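Coordinate analysis (summary)
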Amino acid sequence: MSKSPNSNDEMKNRPPITPRWVKVAGIIVVILILLFFILKLTGIGSNHGPGRHIPEGDQTEQSVPVKQTLFVNLDHGITIDDGGHL
Amino acid sequence: MIMSPRLRKLTLTSHITVSVGWIGAVIAYLALVAVTMTSQEEQMVRSAYLAMEPITRFTLVPLALASLVTGIIMSLGTQWGLFRHYWVLAKLLLTVLATLVLLSYTKTVSYLADAAADPSTDIGRLQGGGGLLHPGIGLLVLLVIVLLSVYKPKGITRYGWRKQQERRKESQT
């Protein structure tokens, strides 16, 4: 049984199929984006500013002035720490 | 516009140099993070935090931007194009993402350096310099980019396929 004479031309004229590695990468990206939004909604990774490196509520006698620092908290918007202390 | 072979080699050399340099800078940064997490000497830890800022500001950020720019020039100046092949598109998206995350992370680095510069700051409260998460994932992303560059996995986009068709029709007429 021989191929139809136009089958090769038809193959060339058909748009390419998306390779498997692209599909797998796309699925991984979608999962990561969903994970990101789930973490945000549940508040697990909410404070993403530099201030997260300091434990909350940890008041010590030694305190240092910090420069005006912009904190971006995705739950509460942008706040400016104006000359507070660590 | 397709580059001449000489210009293409120059651009490729620049792109490889800055990209590999970026990876090296990330590894150097990771070494400093390791110091902040493991060292018991306060001076050593403070020095590591202080060193993170110039490494970020004067090597990581410029190299990231240079890698992005040279990569775009390479793509646009060769037959590969920027949107014709999936591996090029993936590299572009990953590089843009890594650069944006790096730029947003510079605030954290400056914050930590300022805190470490103040002698009255309790270094123990700075919790290991932001941790390994950002630079670790950044390094992983860069290694994926290297893999894409070397292996160039097959796959042409619809846009690339359309361009191929146009070229084919032009050569037939």
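Thresholds applied
- Residues numbered from 1 in each chain as written.
- Chains lettered and ligands numbered in written order.
- Predicted model: local features only at pLDDT ≥ 70, side-chain atom pairs only at ≥ 80, totals over all residues.
- Heavy atoms only, no water.
- Helix = DSSP H or I, 4+ residues; strand = E, 2+ residues; numbered from the N terminus.
- Buried < 20%, exposed > 50% of the residue type's maximum accessible area, 1.4 Å probe, protein only.
- Areas by Shrake-Rupley, 256 points an atom, 1.4 Å probe, with all protein chains shown as cover.
- Lys, Arg positive; Asp, Glu negative; His and termini not counted.
- Charge placed at Lys NZ, Arg CZ, Asp CG, Glu CD.
- Contact = heavy atoms within 4.5 Å.
- Phe/Tyr/Trp six-rings, centres within 6.5 Å; stacked < 30°, edge-to-face > 60°.
- Core = buried A, V, L, I, M, F, W, Y, C linked by side-chain atoms within 4.5 Å.
- Axes fitted to C-alpha atoms, helices over the stretch in contact; angles between N-to-C directions.
- Parallel < 35°, antiparallel > 145°, perpendicular 65-115°, else oblique.
- Left-handed = near helix turned anticlockwise from the far one by under 90°.
- Nonpolar A, V, L, I, M, F, W, Y, C, P; charged D, E, K, R; others polar.
- Expected span 1.5 Å × (residues − 1).
- Patch = residues over 30% accessible without salt bridge, like charges linked within 9 Å, V, L, I, M, F, W, Y side chains within 5 Å.
- Salt bridge = Lys/Arg side-chain N within 4 Å of Asp/Glu carboxyl O.
- pLDDT = per-residue confidence, 0-100.

**Focus on the overall build of chain B**
- Along chain B, the regular secondary structure elements total 5 helices and 0 strands.
- For chain B, the succession of helices and strands along the chain, N to C, is α-α-α-α-α.
- Its C-alpha atoms give chain B principal-axis dimensions of about 75 × 30 × 25 Å.
- The buried share of chain B, taken over its 173 residues, is 45%.
- Surface exposure of chain B reaches about 9600 Å², of which carbon and sulfur atoms provide 68%.
- Treating the 17 positive side-chain charges of chain B as one cloud and the 8 negative ones as another, the clouds have centres 26 Å apart.

**Remarks on the overall build of chain A**
- Helix and strand content of chain A: 2 helices and 2 strands.
- In sequence order, chain A lays out its α and β elements as α-α-β-β.
- Restricting the contact set of chain A to residue pairs at least 6 apart, pairs at least 24 apart contribute 25%.
- Counting every atom, chain A has about 6900 Å² of accessible surface; 62% of that belongs to carbon and sulfur.

**Observations concerning unusual backbone geometry**
Residues and elements named next belong to chain B.
- Of note in the backbone geometry, Lys152 takes a positive phi value of approximately 45° without being a glycine.
- Along the polypeptide, Lys152 turns up in the loop between helix 4 (133-151) and helix 5 (158-172).
- Its relative accessible area of 34% is what places Lys152 among the partly exposed residues.

**Topic: the packing of aromatic side chains**
Residue and element names in this part refer to chain B.
- Across all of its chains, the model carries 2 aromatic pairs over all chains by this definition.
- Relative to Trp87, the ring of Trp80 lies with its centre 5.0 Å away and its plane at 80°, an arrangement referred to as edge-to-face.
- The partly exposed category is assigned to Trp80, whose relative accessible area is 36%.

**Focus: the nonpolar core**
Residues and elements named next belong to chain B.
- Ranked by size, the top nonpolar core spans 27 residues in total, and within it Trp22, Val26, Tyr29, Tyr49, Met52 and Leu60 carry the most contacts.
- Secondary-structure elements contributing two or more residues to this core are helix 1 (5-38), helix 2 (42-76), helix 3 (86-117) and helix 4.
- A total of 8 residues in this core trace back to one element, the largest contributor, which is helix 1.
- By size, the runner-up hydrophobic cluster in this structure holds 7 residues, among which are Leu68, Val88, Ala90 and Leu148.

**Quick word on the packing of helix 2 of chain B against helix 3 of chain B**
Residues and elements named next belong to chain B.
- It is the contact of helix 2 with helix 3, at a shortest axis distance of 9 Å, that shows an interaxial angle of 160°. The angle between helix 2 and helix 3 falls in the class roughly antiparallel. The handedness of the crossing between helix 2 and helix 3 is left-handed.
- Residue composition of the contact of helix 2 with helix 3, grouped by class: 20 nonpolar, 7 polar and 3 charged.

**Brief notes about the side chain of Lys91(B)**
- Structurally, Lys91(B) can be placed in helix 3.
- Other than its neighbours up to four places away in sequence, Lys91(B) contacts His15(B), Ile145(B), Leu148(B) and Ser149(B).

**Describing helix 4 of chain B**
- Its 19 residues place the ends of helix 4 of chain B 27 Å apart at the C-alpha level, agreeing with the 27 Å of an ideal helix rising 1.5 Å per residue.
- Check the buried side of helix 4 of chain B and you find it contacts helix 2 (20-42) of chain A together with helix 1 and helix 3 of chain B.
- Lys152(B) occupies a position one or two residues after helix 4 of chain B and carries a positive phi of about 45°.

**Section: a nonpolar patch on the surface**
- On the surface, a cluster of nonpolar side chains totalling about 430 Å² of accessible area is made up of Val24(A), Ile28(A), Leu32(A), Leu35(A) and Leu39(A).
- Tracing the backbone through its elements, the reader meets Ile28(A) in helix 2.

**Section: the confidence of the model for chain A**
Residues and elements named next belong to chain A.
- With 36% of its residues at a pLDDT of at least 70, chain A reaches an overall mean of 64.
- Mean pLDDT across the elements of chain A bottoms out in strand 1 (residues 69-73) (47) and peaks in helix 2 (91).
- Scored below 50 in pLDDT, residues 80-86 makes 25 contacts in the model with residues more than four places away or belonging to other chains.

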